[in-house]
Amino acid sequence: MPRGLCLVRIEQLAGVVLGLFLLLGIRLFQLQVVRHDRYRERQVRQVDARQPLPARRGRILDRAGRVLALDVVAYDVSVVRKRVRRRDLQELASALDLPLASVRRTLRAGGRYVTLGHGVTLTPAAAKRLAHLPGICLDRRSFRQYPYGTLAAQYLGFTDSSGRGAEGVEKAFDSLLRGTPGELVVLSDEQGRPIGQRTSSEPRDGADVRLSLDVELQRIVDDELLRAVEESAARGGSIVIVDPRTGDLLAIANAPAPARRGGTYDADAWRNRAVYDLFEPGSTLKPVTAIAALRHGVAAANTHLFGERGAMHFGRAAQVHDAHREGEGWITLAQAFARSSNICFAKLAEQLPSSILYEELRNFGFGSRSGIDLLGEPRGQLALPRNWSGRTRLTLGYGQEIGVTALQLVGLYTAIANGGSLLQPRVALWVGEEPVATRTLRRVLPPDLAAEIRRFCALAVESGTGKKARIEGVAVAGKTGTAEKAMGGRYVDRYVASFAGLAPADSPRLVCLVVLDEPRGRYHWGGSSAAPTFRRVLESVLRSTNYLGPRAERVTVVRGAELQGADASFASPLRLATLGGASLPDLRGLRLRVASRWLRRMGFEPRAEGSGVVRAQWPSPGERLTQGREVRLRCQPVRAPDRRAAMWPR
């Protein structure tokens, strides 16, 4: 080949090679410089997957520190064989509570990526240590657990699938309970399989919320409300207990209630009726009319009013009837209150200017929210005076043509009980480390006027419509209510029965409101259904708690052996003397319900066979147990009237 031609071909080849290098350089410049950020981001997305690291949701506790709701955290634990270090296997085996040999066999038999456990419970410290070891991957999962099941279910609420509060306290305090999630970076190989992980930011757990609710009182109202609804064939109902000195919401029950947590969501069963449902209160609103009449000089306690023998026409405005067929003649204001005369209270309302009656109702919080720390509370229904019909003032006088919630109504009686202060209902005692103070909304009554209304309420229980609320040994004050329901613009033969009571009457420590929706037959009267329910609630409170104070003169302290004697006879309630510490007391001879309550208070879990009275128990009396242990009780039906037992805390 001629030399010149050879040189030309070499130059051509060199040009091609140079061109290729030039193109490669341009491409590299494009990848490394021009599109660097774009490809870097894609590479990070392929290799470093960022996952949220959920924070532990705060616990919800009752006022005594008993856990009502908590997050249970579990982990799926996996290992990348090539990256895990031999010296870390012992720590891994200890955390999983597995033998080291078993972990090694599983790893040898597995592939590149081996899962050692699903739903493994780890302490926070152990989880943190394992997460920072190479080749060990933790997939955290959490779920909400409610140790007391459906107790106060509508009040506590629940969380949704994403872990956020969806109803009740869970929703109201969600931002505090939820905490702040962290971030976990999962490293993957070219096939997208995890090869390790690291924590980018640690999660901050949510705050605990300690409620004013008391589990013992809640158990009582749950049981008694269910009994009242079944007995009266009512559509539903509510019971609320409040401490009038602080506004603490001690118990709140609603029916119908969810049968269990989980499963299909039933909006009606999960509705917190005591907070959200409006109803016409009827005669339980009469204290407002009485207060207005006394405050503005329309009448005094001994002013005589004529009851018109049970029926009266107020011009063209309305015809008002009393519940009692024979009606009332001349009676004092105090007697009209006790006997719940609609006619007398319509007369009082007629003498009050509309503006005065309206302002009194507003003063006690009707037509406005109570301020409770739950979302969605309604204002209630109270029309402006300019929109009143010719009969509105009369019917407001005895509690109709107004829509209230149970929570608003219990606020009225709380103010009467504590001497005249309208309090905001207190849901939480502590949020995290911060105490929640009692909040007084305003002063609504002078103490002497509040005391006068308490005397009226005491008379209603002693000799009026609230007789069935009387409790032996405890002075009770209260007021019954029986209100027709309005449907389609007119009143129909359906009723809301209620009773609001204070105990003890002279210095109230508890305010309890019972509301039953559409009780049937003779139970539609508040005095026939709500008042006896109040009595049963307070009797259980008296027997099982210290809220009304132990009555030492009526309580006998006995030991288990004394309960078993064939000739044992006790006329007074009993206090079971425990054996001290965490020892199991002798429960034989006690009713199952009382024995179960005592066991739960000590931290044990009862498991009963049969019903009635406890005849045998395992473990045996005197045995020392750790809290959470199960105690089996064998029961037999009661053959004769049983001894009662009052379980005062030690």
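What counts, and at which threshold
Residues numbered from 1 in each chain as written. Predicted model: local features only at pLDDT ≥ 70, side-chain atom pairs only at ≥ 80, totals over all residues. Heavy atoms only, no water. Patch = residues over 30% accessible without salt bridge, like charges linked within 9 Å, V, L, I, M, F, W, Y side chains within 5 Å. Areas by Shrake-Rupley, 256 points an atom, 1.4 Å probe, with all protein chains shown as cover. Salt bridge = Lys/Arg side-chain N within 4 Å of Asp/Glu carboxyl O. Lys, Arg positive; Asp, Glu negative; His and termini not counted. Charge placed at Lys NZ, Arg CZ, Asp CG, Glu CD. Helix = DSSP H or I, 4+ residues; strand = E, 2+ residues; numbered from the N terminus. Buried < 20%, exposed > 50% of the residue type's maximum accessible area, 1.4 Å probe, protein only. Core = buried A, V, L, I, M, F, W, Y, C linked by side-chain atoms within 4.5 Å. Contact = heavy atoms within 4.5 Å. Expected span 1.5 Å × (residues − 1). Arc of directions from axis to C-beta. Pairing = 2+ DSSP bridges. Axes fitted to C-alpha atoms, helices over the stretch in contact; angles between N-to-C directions.

A separate point is a positive patch on the surface. Together, Arg 86, Arg 104, Arg 105 and Arg 108 make up a positively charged patch on the protein surface. The topology assignment puts Arg 86 in the loop between strand S3 (67-80) and helix H3 (89-96).

So, on to unusual backbone geometry. Residue Pro 256 follows Ala 255 across a cis peptide bond; omega there is 5°. Its location among the elements puts Pro 256 in the loop between strand S10 (248-255) and helix H10 (273-276). The peptide bond linking Ala 503 to Pro 504 adopts the cis configuration, its omega dihedral lying at -15°. Mapped onto the fold, Pro 504 is located in the loop between strand S20 (490-503) and strand S21 (510-517). Of note, Ser 340 is a non-glycine position whose phi angle comes to about 60°, a positive value. Residue classification places Ser 340 among the buried residues on the basis of a relative accessible area of 13%. A positive phi angle, close to 60°, is found at Glu 518, a residue other than glycine. Note on placement: Glu 518 falls in the loop between S21 and helix H18 (530-544). Under the relative-accessibility criterion, Glu 518 is labelled buried at 11%.

Counting residues in each nonpolar core, the largest one holds 86 residues, and the members touching the most others are Tyr 155, Leu 211, Leu 361, Phe 364, Phe 366, Leu 409 and Tyr 413. Here this core gets nine residues from one element, more than from any other, and that element is helix H16 (residues 406-418). Setting aside its immediate chain neighbours within four residues, Leu 361 contacts Leu 285, Val 288, Phe 366, Leu 382, Leu 396 and Ile 402. Among the nonpolar cores identified, the runner-up in size contains 33 residues, and Leu 225, Leu 250, Val 461 and Val 474 belong to it.

It is worth spelling out the environment of Glu 202 at this point. Within the secondary structure, Glu 202 sits in the loop between strand S7 (194-201) and strand S8 (209-211). Relative accessible area serves as the criterion here: at 42%, Glu 202 is assigned to the partly exposed category. For the pair Glu 202 and Pro 181, spaced 21 residues apart in sequence, the C-alpha to C-alpha distance is 7.5 Å. Contacts of Glu 202, omitting those with residues within four sequence positions, involve Lys 128, His 132 and Gly 182.

Right, let's get into a nonpolar patch on the surface. A cluster of nonpolar residues, Leu 13, Val 17, Phe 21, Leu 24 and Leu 28, forms a patch on the protein surface that exposes about 490 Å² of accessible area. Secondary-structure assignment places Leu 28 in helix H1 (residues 3-34). Its relative accessible area of 42% is what places Leu 28 among the partly exposed residues.

With that out of the way, let us pick up the environment of Ala 207. One can find Ala 207 in the loop between S7 and S8. What makes Ala 207 partly exposed here is its relative accessible area of 23%. With 225 residues separating them along the chain, Ala 207 and Gly 432 place their C-alpha atoms 4.7 Å apart. Apart from the residues within four sequence positions on either side, Ala 207 is in contact with Gly 58, Arg 59, Leu 176, Leu 177 and Gly 432.

Glancing now at H18. Here H18 contains 15 residues, and its C-alpha end-to-end distance of 21 Å stays within 8% of the 21 Å for a straight helix at 1.5 Å per residue. Those residues of H18 not exposed but buried are Ala 530, Ala 531, Pro 532, Thr 533, Phe 534, Arg 536, Val 537, Leu 538, Ser 540, Val 541, Leu 542 and Ser 544.

In this section: the side chain of Gln 408. Topologically, Gln 408 is positioned in helix H16. Residues within four places of Gln 408 in sequence aside, it is in contact with Gly 365, Phe 366, Gly 367, Ser 368, Pro 378, Arg 379, Gly 380 and Gly 403.

For the rest of this paragraph, the subject is H3. Each α-helix winds once per 3.6 residues, and so residues spaced three or four apart point in a common direction. If you check which residues of H3 are buried, you get Leu 89, Leu 92, Ala 93 and Leu 96. For H3, the arc enclosing every buried residue in end-on projection is 95°, short of the 170-degree limit, so these residues lie on one face. At its buried positions, H3 is contacted by S3, helix H4 (100-109), strand S4 (113-120), helix H5 (124-131) and strand S5 (136-145). Downstream of H3 by one or two residues, Asp 97 has phi in the positive range, about 60°.

Further remarks concern the sheet that holds strand S19 (residues 477-487). In spatial order, the strands read S10-S9-S21-S20-S19; together these five strands make up an open sheet with antiparallel pairing. Across the chains shown, the open sheet's two edge strands, defined by having one partner strand only, are S10 and S19. The mean angle between the axes of side-by-side strands here comes to 15°, regardless of whether they run parallel or antiparallel. Across eight bridges, the pairing between S20 and S21 is antiparallel. Across the sheet, residue Ala 503 finds its bridge partner in S21, namely Leu 510. Sheet strands touched by H18: strand S9 (236-243), S20 and S21. Its angle to S21, the strand with the most contacts, is close to 140°.

What follows deals with the sheet that holds strand S24 (residues 605-609). The mixed open sheet is built from three strands, whose spatial order is S24-S26-S25. Unpaired on one side and paired on the other, S24 and strand S25 (613-618) mark the two borders of the sheet. Ignoring which end each strand starts from, the neighbouring axes of this sheet average 35° apart. As paired elements, S25 and strand S26 (residues 630-636) share five bridges and run antiparallel to each other. Bridging across to S26, Gln 617 finds its partner in Leu 633.

Within S9, eight of the eight residues are buried, leaving the element largely enclosed by the surrounding structure. Of the two faces of S9, the one carrying Gly 236, Ser 238, Val 240 and Val 242 and the one carrying Gly 237, Ile 239, Ile 241 and Asp 243 are both buried. Pairing analysis gives seven bridges linking S9 to S10, with the strands arranged antiparallel. Pairing of Val 240 across the sheet is with Ile 252, part of S10. Connecting the antiparallel pair S9 and S10 is a turn made up of four residues, with Gly 247 showing a positive phi of about 80°.

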